[in-house]
Each structure stands twice: as C-alpha cells, then as structure tokens.
2 protein chains.
Amino acid sequence: MTPHQPGFSGGTLDRADHLRGNEEALLALRQHTHARLLVLNGFDPVLTTDGALQWIPMAEAGAHVHLIFLGIADDVPHFVALSQSNLDAPSFRSPATAAALAVLGAQDLAIYGTARSLMDWHSRHRFCGKCGGPARAHRGGWGRLCTQCGSEHFPRVDPVVIMLAQHQGKALLGRQASWPTGRYSALAGFLEPGETMEEAVARELFEEAGVRATAVRYITSQPWPFPAQLMLACIAEVQSDTLAIATAEIEDAIWVGKEEAKAALSGDATARFQAPPAFAVAHSLLRYWAES
Amino acid sequence: MTPHQPGFSGGTLDRADHLRGNEEALLALRQHTHARLLVLNGFDPVLTTDGALQWIPMAEAGAHVHLIFLGIADDVPHFVALSQSNLDAPSFRSPATAAALAVLGAQDLAIYGTARSLMDWHSRHRFCGKCGGPARAHRGGWGRLCTQCGSEHFPRVDPVVIMLAQHQGKALLGRQASWPTGRYSALAGFLEPGETMEEAVARELFEEAGVRATAVRYITSQPWPFPAQLMLACIAEVQSDTLAIATAEIEDAIWVGKEEAKAALSGDATARFQAPPAFAVAHSLLRYWAES
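Just so it is clear, the model here is predicted, and its values are computed rather than measured.

K.L.:
Sorry if this is basic, but what is going on with the sheet that holds strand S7 (residues 135-138) of chain A here?
P.N.:
Strand-to-strand pairing in sheets goes through backbone hydrogen bonds, with the strands running parallel or antiparallel. All names here are of chain A. A sheet is described by the order of its strands in space; here 3 strands give the open sequence S7-S8-S9, paired in antiparallel fashion. Because the sheet does not close on itself, it has two edges, and the strands there are S7 and strand S9 (152-153). Judged from the 2 bridges that link them, strand S8 (residues 143-146) and S9 form a sheet pairing that is antiparallel. Each residue of the ladder has a partner; that of Arg144, found in S9, is His153. The strands that helix H4 (residues 106-124) touches are S7, S8 and S9; relative to S8, the one it contacts most, it runs at about 15 degrees.

Below, the structure written as structure tokens:
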C-alpha cells in the first residue's frame, strides 16, 4: 500500500535548474510571449472565481521587480515577484491563505507552496549572516549574494519529523492548546544537527510523550510552506503505552484505534476527535496507518 | 535486512533539550565537577594517543567563552567552546580532520559531527538575516538572538537526497572530477523548497544522469557535518540504463553489479572502482544494496 499523495507535493512545473545561473536565458524566459506572473496579496494567494491561482501576463508586471523563476509548464515560464510590498507583508498563515488552501487543487497547492517558501526565505534573509552586509536575490531567485563579502546563500529547508507512535493496534495523537477544539494530530519536531531521521523521531516521542521507540519506519514526505519545512512522516513502534506528557509542548495526547481514526478522517461529526486537514501530511500519515 | 549504521549517527549523549532555555540549569551544568570541554584546533578534532576525542575539565576552559551544551552522558555534561579562534578557523574539511575521521569510533564521530555542525552554523550566522544586526549565541548554543531586532534563529540542517538508481540488477554510481582517482559513489543533491524526498531523488537523477525514476524507496539517513546536511539515502528504480550525463555536475557515471560493489566495499585493490569511505552514508547504502 502506498500513502495518499500529501498536500503541496506532486507539482509538475519543470524547475529547469540549469537555467537559473544563466542571466541571458532568464531574461529570455521573462520576455517570453506567454510568460506569466503569480498574483499575490502579500503572501496570500488571490484566487480566480474557479478557485484556481490567478496569473497575469508578465508584460503587465511592473518594471525592475525582482523575480523568482518557478519553472516551465507547456512552454510557459512561470514567475513570482519579490516586490517590497509582498516581502514586507506579515508572513503568518492568514485567514485568507487558510481559506485558499481548502479550495486550491493539487497543482496549485504545489506551485503556491514553492513560491511562498522562497518568498519567505528572501524576506528573512535580506542581510548576509556572515558579515551583516545587504544581500540581493540572484540565480532566478534561488539564491542570494552578499553585496559586501560576496558570500552566496541558498534557500533554507528545515527537516521536521512527524510521527505516529504505535502500540498494540493504537496510534498516539496529541494536541496543542492553540489548535481548534477537538483537533488531534501526529506529534512532530525539528530535526537537529547530528541526528538521523530515526533518532529525531525517537527523541521527540520521548521528550513530548515519554514513550520509547523500538523501531521507526519512514512512510512519506511533504514540503510544508509555513515557512519551508520538509515533513518526514514516520510510524514508530513503542515499548509501552504509558505516557508522560510534556505540557510545555502539547496539552494532551490520546491513543486512538483505527476505526476511530477512520471516522475522524471522514469528517464524521460524532468522531472522537477532529482530524488534521487533508493538505497536512499528518492526514496522509493517519489515513495510511488506519487503512493498513 | 536493516542497513549498516551510518557514520556520525548512533550518538548516545542525552541532549536534554529542555535545559537549553534554562540559564540557571546551564550554569549548574557548566560548573558541574565533572563537566568537560571538547579540545579542538579550529574545526579539527585533537585526538588522544588512543585515537579518541580529547576532553579537558571545564575548570580549565578560559573564562567568558561562549559554550555549546552538547549533552549529558553518565552524569557528565559535555560542552564545546565557541571561541573566536575556533570560529575564525577555515571550515573546509582539512587533512587533519580527514585523518581523524578514519580513526574515531562511532560515538566520537557522532559527538564531533554535532559539535562541528553547530560551530559552523554559528560562524556563518554572526549577523541577523532579517535586519543585519549582530546576533549572539543563546539557548546553550542551540540558537542565536539578534541584539538589534530580537529575532531568534535556529541551527540550519540542509536535507540532501543521495541515491542509487537501479536497473536490471545494476546500480548507478558517479564521480566528480575533484575526487580521488577511481572513486565512484551515489549521486546526490540538495532538496529544494516545494519538493518531497521522492521528487528530489527523481529530479536529481534526471538532471545529473538523464534517467527517469519510476519508484523511490527510502533506505536510511545520516547527519553529515560538512557543514550540516541530513543525508536521505534512497534506491530508485529507473526506466532505462541509457545515460545523459550532466558533465557540469559529474565527470562520469557507471552501472555496477553487486559483486563489483562488494569487491570495492571490501577494499579489494583489483576492484573496478574505489568505494566511498566507511563513514559516508553512500558506503552504507551501497553495502545495503549489494547484500540485499
């Protein structure tokens, strides 16, 4: 059984990485008759009446705007602008973005996710970490170059482990106090320098819930664009179902059965808990576990 | 079959993350009678005559040195110093480091790798990316705080996919021009924003070797401390063995059989190629493939 395709993945734009370092090729792409630019309001997507991402012809883009080259589909180059007003906008996940995520199709989610992660990275890396000098976008928006010391910087992606502990046919879910009432999801945490994926899973499960992993199995992965995580979804066998919850991290944790998980995933209002949204890899992971 | 434990993994220091934000607890750890400090020469490890990492009592550490809290083993707190002379040292992989890697045991490799990744991150993030202000180490060396805008920054880990393409019982290895004569290894590349692990594997295989992946299977992972990668090792089935090598990335690629791989992994001087060193996950991956 293969897991359900996670949200924000499955994008089919050809990123054409080899063109990023070629200023002439980038200019030709930008001037291409069919080149188009993603319409955003700050970091929020702007949807068409059909619920799709909105694009405008590149010819309508303002002059001198820094651009990120997203890729090519059907001979059409796709860009997003690094305008000051976009970059200065608040980058939290706004209600407008949340509403759009529930509507956008898989391809649009993948494109928006990539664009958003890159924009957010540019907005948080205006200066060089090495020398403090101002850095500018280069390589079609897939890098920044320090104008003072010449250091090159590349977009950051933060690996995060997200996992279900499993014991005697039940899976462990937790909730944070800030989540919607009744919502439970997989535990998760940032992987640290010096750890394997499996070690990070074991550490996080012990830190957050006091359970000891004996075996960790990778299931699927997802790019998560708030701001730029690589979600590595795993299932871990644990020695015991006795919990010691770190209340600084999660406010509650419960063991759920497969039928309870299926009811929650189907949106059943009488389910024991509310499942994570369909575009979250926790949803794909829980579905994989419940159906396998 | 489970893969051979990759180099730099398997560390058993308790990182005690919950103490990092607690200045009082950190001070007590530092003043602990048995607290010890890793001896380094710049970024290079300094070995004992037994080929182990060298430590000195914390009491012998200079005053006012910034410290990274590495973790606790057998009630002994372990630290590494963020001294200016360490941080200003060249951070390439020196001959002294290369020699040490061939000698250090698994636990020492794991500790050194973690220490080195963190030191390198501090040295490259002296200033705040958001505002350009000076940042200082905090949270026991597991973060930096901007002294100008107050932004908090966390250590960076870059996910990299490393993979064997597999076709009709043979695996694809490539070599870079800068490598030792005869050395071949798995292809690899940085995962980008907006990609799953599997998508990054497929993209890199197509970009570097012109082969199309039809299925990607995760095998194992490794923290790689030059400077701070998470290596995600995979095996990918590909449609055909016809290659189109991107010579800007690799100078050659070959299909090898399992017996050829075993000969190279055993260090046989008459083997068709020279295998990657034992501490590289490419070695673990190739061994897993050859023996399965």
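Don't stop here, the text continues.
K.L.:
Would you explain the relation of the copies chain B and chain A in this entry?
P.N.:
What relates the two chain copies is a rotation about an axis together with a slide along it. The transform that puts chain B on chain A rotates by 180 degrees and translates by 0.0 Å along the axis, for an RMSD of 0.0 Å. One copy is carried onto the other by what is essentially a two-fold rotation axis. Considering only C-alpha atoms, the part of chain B nearest the rotation axis is Gly132 of chain B, at 2.3 Å. Interface overlap between copies: 100% of the residues of chain B at the interface are likewise at the interface in chain A, consistent with a symmetric, same-surface contact.

K.L.:
It is not clear to me how the domain arrangement of chain A should be interpreted in this structure. Could you clarify?
P.N.:
When the parts of a complex come together, some accessible area is lost, and that lost area is often taken as the interface size. Residues and elements named next belong to chain A. When the domains of chain A are assigned, the result is domain 1 (17-124) and domain 2 (158-291). For domain 1 versus domain 2, the separation of C-alpha centres amounts to 32 Å. Surface buried jointly by domain 1 and domain 2 totals about 660 Å² across both partners, of which 73% is contributed by carbon and sulfur atoms. Considering only the surface of domain 1 that becomes buried against domain 2, Arg93, Leu101 and Ser117 emerge as the three largest contributors, covering 55% of it. Here domain 1 and domain 2 share 0 salt bridges between them. In this structure, the connection of domain 1 to domain 2 is made through 1 residue pair in polar contact (both at pLDDT 80 or more). Every element with two or more residues in the side of domain 1 that touches domain 2 is listed here: helix H3 (95-101) and H4. At 6 residues, the largest contribution of residues to the side of domain 1 that touches domain 2 is made by H4.

K.L.:
How do you make sense of the environment of Leu70 of chain A when you look at a structure like this?
P.N.:
Residues and elements named next belong to chain A. Mapped onto the fold, Leu70 is located in strand S5 (residues 67-73). Residue classification places Leu70 among the buried residues on the basis of a relative accessible area of 3%. Those residues in contact with Leu70 that sit more than four places away from it in its chain are Leu13, Arg15, Trp55, His78, Phe79, Val80, Ile111, Thr114 and Ala115.

K.L.:
Looking at this structure, I do not really get helix H6 (residues 258-265) of chain B. What am I missing?
P.N.:
Residues spaced three or four apart along an α-helix face the same direction, because each turn holds 3.6 residues. Residue and element names in this part refer to chain B. Listing the buried residues of H6 in full gives Ala261, Ala263, Ala264 and Leu265. Where H6 is buried, its residues contact helix H7 (281-291). Downstream of H6 by a residue or two, Gly267 has a phi angle that is positive, lying close to 85 degrees.

K.L.:
I would appreciate a short explanation of empty space enclosed by the protein in the present structure.
P.N.:
Over the atoms rolls a probe the size of a water molecule, and its path tells where empty space is left. This model, assessed by the stated rule, comprises 2 cavities of 30 Å³ or more. Within this model, the largest cavity holds a volume of roughly 70 Å³. Pro193, Gly194 and Glu195 of chain A together with Pro223 and Trp224 of chain B are, among the 17 residues lining the largest cavity, the residues nearest its centre. At 4 residues, helix H4 (residues 106-124) of chain B tops the list of elements feeding residues into the lining of the largest cavity. Tallied by class, the residues present in the lining of the largest cavity amount to 10 nonpolar, 5 polar and 2 charged.

K.L.:
Hey, could you run me through the pairing of strand S6 (residues 76-81) of chain B in this one?
P.N.:
The side chains of a regular strand alternate, residue by residue, between the two faces of the sheet. Residues and elements named next belong to chain B. With 6 of its 6 residues buried, S6 lies for the most part within the structure. Going residue by residue along S6, you find Val76, His78 and Val80 tucked away on one face and Pro77, Phe79 and Ala81 tucked away on the opposite face as well. By the bridge criterion, 2 bridges tie strand S1 (residues 36-38) to S6 in an arrangement that is parallel. If you follow Leu37 over to S6, its bridge partner there is Phe79. Taking the residues that link successive antiparallel strands as the turn, the strand S5 (residues 67-73)-S6 hairpin has 2 residues, and the phi of Asp74 there is positive, at about 50 degrees.

K.L.:
Just to check I follow, could you spell out the packing of aromatic side chains for this structure?
P.N.:
Here a ring pair, both rings aromatic, is described through the centre-centre distance and the interplanar angle of the planes. In the structure shown here, the tally under the stated rule is 15 aromatic pairs over all chains. Here the aromatic rings of Phe8 of chain B and Phe279 of chain B are separated by 6.0 Å at their centres, their planes lie at 75 degrees, and the arrangement is edge-to-face. Taken together, the residues Phe8 of chain B in the segment before helix H1 (23-30) and Phe279 of chain B in the loop between H6 and H7 connect sequence positions 271 residues apart. Here Trp224 of chain B and Phe226 of chain B contribute two aromatic rings whose centre-to-centre distance is 5.3 Å and whose plane-to-plane angle is 75 degrees, an arrangement assigned as edge-to-face. Residue classification places Phe226 of chain B among the buried residues on the basis of a relative accessible area of 15%. Taken together, Phe8, Trp224, Phe226 and Phe279 of chain A form an aromatic cluster joined through their ring pairs. The residue whose ring lies beneath Arg93 of chain A is Phe226 of chain A, and the NZ or CZ to ring-centre distance is 4.5 Å.

K.L.:
Would you take a moment to explain the packing of helix H6 (residues 258-265) of chain A against helix H7 (residues 281-291) of chain A for this structure?
P.N.:
Axes are the key here: two packed helices are described by the angle between their axes and the distance separating the axes. Residue and element names in this part refer to chain A. One way to put it is that H6 packs onto H7 with a least axis distance of 9 Å and a crossing angle of 135 degrees. Classified by the angle between their axes, H6 and H7 sit oblique to one another. For the pair H6 and H7, the crossing hand works out as left-handed. Contact residues: H6 offers Lys258, Ala261, Lys262 and Leu265, while H7 offers His283, Leu286, Arg287, Trp289, Ala290 and Glu291. Residues that form the contact of H6 with H7 fall into these classes: 5 nonpolar, 1 polar and 4 charged.

K.L.:
Would you explain the state of the cysteines in this entry?
P.N.:
Here, disulfide denotes a covalent bond that connects the sulfur atoms of two cysteines. All names here are of chain A. Counting across every chain of the model gives 0 disulfides over all chains. Cys149 forms no disulfide, and the closest cysteine sulfur to it belongs to Cys131, at a distance of 3.7 Å. Overall, the relative accessible area of 39% leaves Cys149 in the partly exposed class.

K.L.:
Can you walk me through the pattern of salt bridges in this structure?
P.N.:
Close approach of charged atoms allows side chains of opposite charge to pair. Evaluation of the coordinates by the stated rule reveals 28 salt bridges over all chains. A salt bridge links Arg15 of chain A to Glu192 of chain B, with the nearest nitrogen and oxygen atoms 2.7 Å apart. With Arg15 of chain A in the segment before helix H1 (23-30) and Glu192 of chain B in the loop between strand S12 (187-190) and helix H5 (197-209), the pair connects residues from two separate chains. For Glu192 of chain B, a relative accessible area of 10% gives the class buried. Where Arg20 of chain B meets Asp17 of chain B, a salt bridge forms, and the shortest distance between an N and an O atom there is 3.5 Å.

Rules behind the numbers
Residues numbered from 1 in each chain as written. Chains lettered and ligands numbered in written order. Predicted model: local features only at pLDDT ≥ 70, side-chain atom pairs only at ≥ 80, totals over all residues. Heavy atoms only, no water. Pairing = 2+ DSSP bridges. Helix = DSSP H or I, 4+ residues; strand = E, 2+ residues; numbered from the N terminus. Contact = heavy atoms within 4.5 Å. Axes fitted to C-alpha atoms, helices over the stretch in contact; angles between N-to-C directions. Least-squares fit on C-alpha atoms with pLDDT ≥ 70 in both. Domains from an automatic or database assignment. Buried area = accessible area lost by both parts, 1.4 Å probe. Salt bridge = Lys/Arg side-chain N within 4 Å of Asp/Glu carboxyl O. Polar contact = N/O pair within 3.5 Å; in protein donor to acceptor, adjacent residues only side chain to side chain. Buried < 20%, exposed > 50% of the residue type's maximum accessible area, 1.4 Å probe, protein only. 1 Å grid on protein atoms, 1.4 Å probe; cavity = no way out; pocket = protein on both sides within 12 Å on 5 of 7 lines; lining within 4 Å. Points joined across faces, edges and corners; volume = space filled by probe spheres on them. Nonpolar A, V, L, I, M, F, W, Y, C, P; charged D, E, K, R; others polar. Phe/Tyr/Trp six-rings, centres within 6.5 Å; stacked < 30°, edge-to-face > 60°. Lys NZ or Arg CZ within 6 Å of the ring centre and 35° of its normal. Parallel < 35°, antiparallel > 145°, perpendicular 65-115°, else oblique. Left-handed = near helix turned anticlockwise from the far one by under 90°. Disulfide = S-S within 2.5 Å.

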